[in-house]
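# What the coordinates show
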Amino acid sequence: MNAAIIFGLLIALMLTGMPISIALGLSVLTFLFVMTSVPIEAVALKLFTGIENFEIMAIPFFILSGNFLTHGGVARRMINFATSMVGHWYGGLGLAGVMACALFAAISGSSPATVVAIGSIILPAMVAQGFPKRFGAGVITTSGALGILIPPSIVMVIYSVATSGAVVFGPDGGRVSSASISTLFVAGVVPGLMLATALGFTTWYRARKYDYPRMPRASWAERWVAFRKSLWGLLLIVLVLGGIYTGAFTPTEAAAVSAVYAFVIALFVYRDLTWRDVPRVLLDSANMSAMLLYIITNAVLFSFLMTSEQIPQTMAGWIIDAGLGWVVFLLIVNVLLLVAGNVMEPSSIVLIMAPILFPIAAKLGIDPVHFGILIVVNMEVGMCHPPVGLNLYVASGITKMGITELTIAVWPWLLTMLIFLVLVTYVPAISLWLPRTLGMM
């Protein structure tokens, strides 16, 4: 009954057009003041201790790093390198777009940043070469979603933070800890590469079917020049991920290193960014960071309310008593998250749903890392379908196409992503093989 009241109030406030962060906080405070006797001091204490988390600092640093890279010419050089490697295949520029998105995703951690950085350069080039505008829009909108699956990923950081305070128990009654950020980053590598390959295959197949343009094969000398020019950007992948996996620094320290490195190469190496541009980049990053941190703050309160009212534990008991196994539960989770993707953006969904679903998943014996990757793939799909698919709106601004036309354009790649979602859901080894091989689990 309490769960119905809380979610009913939250949905009612969201339907008024109220920002999700405010709706979260207002729902919690209303319930606490009217229907419980929790002291306000405990709420205030939880509010501050909940966001006093070292790992949360990774979010603004990764956002800052992505903005420096977006404005600093790194994307253009990655596109040139990708084009030199695969441009001569069917749909060459489209394949180069997928490859460039995968590379840029490995240094930005943000899906919209990937769409903006790659799409604003490669989409005009595809149209000029004779590709249909819809084809190019479909490729970039969906491939840009790799930004939250291929590590580093801001959504993975949010999932780890959202579940870190939960007290959960496995099917044997033992305590289950949440997934660390570094383990999630490692787990995202194989699924990210698999999804990039699947999107690339869809692009190649449709280009071959409709005989879209191909580019002349680049010589090895041209490929070497393109690689050398993009090397500084590619080195960031080695620096950040290599540093995390070898234990040289934590994910939060890696985020700070990536921000400094991106600033240096954008301003002093490539020189595509001037000192005059720096305040604008800092302001954009601060705005986005403040928005996310404000949502996290209110989500901490929401998670506190869920825990104090024993809602996740009650739901877990109901599912187990009803005889629903992990197969049916994961199906329900996918449907629930895909529906939530129709009305909310990824950060809000993860912050609201993860603290509720994570204890149930643990009780059913589902690995926290596998569950985290499953949620991230769901968020990828949500970013590419209406009405609030963030990638659709970003791509719409670049292509000057309407949301309805873009929705039609992305469906072949969106179908590929849904098939991949089913695969990731029911084959845990895709997510767990690499971290287990590296001894991180």
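So, here's what we can say about the structure. This structure is a prediction, so every number in the text was calculated from the model and none was measured. (Residues numbered from 1 in each chain as written. Predicted model: local features only at pLDDT ≥ 70, side-chain atom pairs only at ≥ 80, totals over all residues. Heavy atoms only, no water.)

### Re the overall build of the chain
This is how the line gets drawn: Runs of E in the DSSP output that reach at least two residues are strands. Runs of H or I that reach at least four are helices, and both are numbered from the N terminus. Just to be clear, the radius of gyration here is over C-alpha atoms, and the globule rule we use is 2.2 Å times residues to the power 0.38. Here the term buried applies to any residue with accessible area under 20% of the maximum for its type, exposed to any over 50%, and partly exposed to those in between, with areas from a 1.4 Å probe on protein chains only. Pairs of residues are marked as contacts when any of their non-hydrogen atoms sit within 4.5 Å. Note that accessible areas follow from Shrake-Rupley with a 1.4 Å probe, and for residues the cover is restricted to the protein chains shown.
The helix and strand inventory of the chain stands at 21 helices and two strands. On C-alpha atoms alone, the chain measures out to a radius of gyration of 22 Å, which is about the 22 Å that the 2.2 N^0.38 rule sets for 441 residues. Looking at the chain as a whole, 55% of its 441 residues are labelled buried. When contacts within the chain are restricted to residue pairs at least 6 apart in sequence, those whose partners lie at least 24 apart make up 80%. Entry remark: accessible area of the chain is about 18100 Å², with carbon and sulfur atoms responsible for 70%.

### Considering the packing of aromatic side chains
We count it as follows: The rule is short: rings of Phe, Tyr and Trp, with Trp giving its six-membered ring, pair when the centres are within 6.5 Å, and they are stacked under 30 degrees, edge-to-face over 60, tilted in between. Put simply, a charge is over a ring when the Lys NZ or the Arg CZ is close to the ring centre, within 6 Å, and near the line of the ring normal, within 35 degrees.
Across all of its chains, the model carries 16 aromatic pairs by this definition. For the ring pair Tyr 210 and Tyr 212, a centre distance of 5.9 Å and an interplane angle of 25° mean the geometry is stacked. The buried category is assigned to Tyr 212, whose relative accessible area is 15%. On the basis of an interplanar angle of 20° and a centroid distance of 6.3 Å, the ring pair of Phe 329 and Phe 371 is categorised as stacked. With a gap of 42 residues between them, Phe 329 in helix H16 (residues 326-340) and Phe 371 in helix H18 (residues 368-382) connect regions that are remote in the sequence. Just as Phe 329 is buried, Phe 371 falls in that class too. Over the aromatic face of Tyr 270 sits the side chain of Arg 77, whose NZ or CZ is 3.9 Å from the ring centroid. Note that Arg 214 overlies the ring of Tyr 90, its terminal NZ or CZ placed 4.2 Å from the centroid.

### Notes on the environment of Met 14
Relative to the helices and strands, Met 14 is located in helix H1 (residues 2-15). Distance from Met 14 to Ile 237, taken between C-alpha atoms, is 39 Å for residues 223 residues apart in sequence. Residue contacts for Met 14: discarding those within four places in its chain leaves Ile 20, Ala 23 and Met 344.

### Observations regarding unusual backbone geometry
Excluding glycine, residues mostly have negative phi values, and the peptide bonds linking residues are mostly trans. The step from Pro 151 to Pro 152 runs through a cis peptide bond, and the omega angle for that step is 0°. Examined against the element boundaries, Pro 152 turns out to sit in the loop between helix H8 (133-143) and helix H9 (154-164). Phi is positive for Asp 211, which is not a glycine, with a value near 55°. Within the secondary structure layout, Asp 211 lies in the loop between helix H11 (189-209) and helix H12 (220-245). Look at Arg 271: it is not a glycine, yet its phi comes out positive at around 60°. Positionally, Arg 271 belongs in the loop between helix H13 (251-269) and helix H14 (278-308). In this structure Arg 271 comes out as exposed when scored by relative accessible area, which is 65%.

### Considerations on the environment of Ile 63
Along the chain, the position of Ile 63 falls in helix H4 (residues 58-71). Those residues within four positions of Ile 63 in sequence are excluded, and the remaining contacts are Ile 154, Ser 285, Met 288, Ser 289 and Leu 292.

### Notes on empty space enclosed by the protein
The condition is simple: Both cavities and pockets are sets of points on a 1 Å grid over the protein atoms alone; in a cavity a 1.4 Å probe fits but cannot get out, in a pocket the set is open with protein on both sides within 12 Å along at least five of seven lines, and lining residues sit with an atom within 4 Å of a point. Grid points are joined across faces, edges and corners, and a volume is the space filled by probe spheres set on the points.
Per the counting criterion, the structure on display carries one cavity of 30 Å³ or more. Taken as a whole, the largest cavity holds about 50 Å³ of empty space. Considering the residues around the largest cavity, the lining is formed by twelve residues, among which Met 344, Pro 346, Met 379, Gly 382 and Met 383 are closest to the centre. Within the residue set of the lining of the largest cavity, elements represented by two or more residues are helix H17 (346-363) and H18. In terms of residue count, H18 provides more of the lining of the largest cavity than any other element does, three residues in total.

### Points about the pattern of salt bridges
Cut-off, in case you're wondering: Think of a salt bridge as a Lys or Arg side-chain nitrogen and an Asp or Glu carboxyl oxygen that are within 4 Å of each other.
Throughout the structure, instances matching the rule amount to four salt bridges. Note that Arg 134 and Glu 405 form a salt bridge whose closest N and O atoms lie 3.5 Å from each other. In this pair, Arg 134 is assigned in helix H8 and Glu 405 in helix H20 (residues 403-426), connecting sequence segments 271 residues apart. Look at Glu 405 and you get partly exposed, because its relative accessible area is 32%. One network of salt bridges, in which partners are shared, links Arg 76, Arg 77 and Asp 272.

### Here's the deal with the packing of H16 against H17
Cut-off, in case you're wondering: In this analysis an axis means a line fitted to C-alpha atoms, helices contributing only their contacting stretch, and an angle means the value between N-to-C directions, from 0 to 180 degrees. The labels follow the angle: roughly parallel below 35 degrees, roughly antiparallel above 145, roughly perpendicular from 65 to 115, and oblique for the rest. Residue type decides the class: Asp, Glu, Lys and Arg count as charged, Ala, Val, Leu, Ile, Met, Phe, Trp, Tyr, Cys and Pro as nonpolar, and the leftover types, Gly among them, as polar.
Where H16 contacts H17, the axes come no closer than 12 Å and their chain directions differ by 170°. Accordingly, the angle class assigned to the pair H16 and H17 is roughly antiparallel. Across the interface between the two elements, Phe 329, Val 333, Leu 336, Leu 337 and Ala 340 of H16 pack against Ile 349, Met 353, Leu 357, Ile 360 and Ala 361 of H17. Of the residues in the contact of H16 with H17, the class split is ten nonpolar, no polar and no charged.

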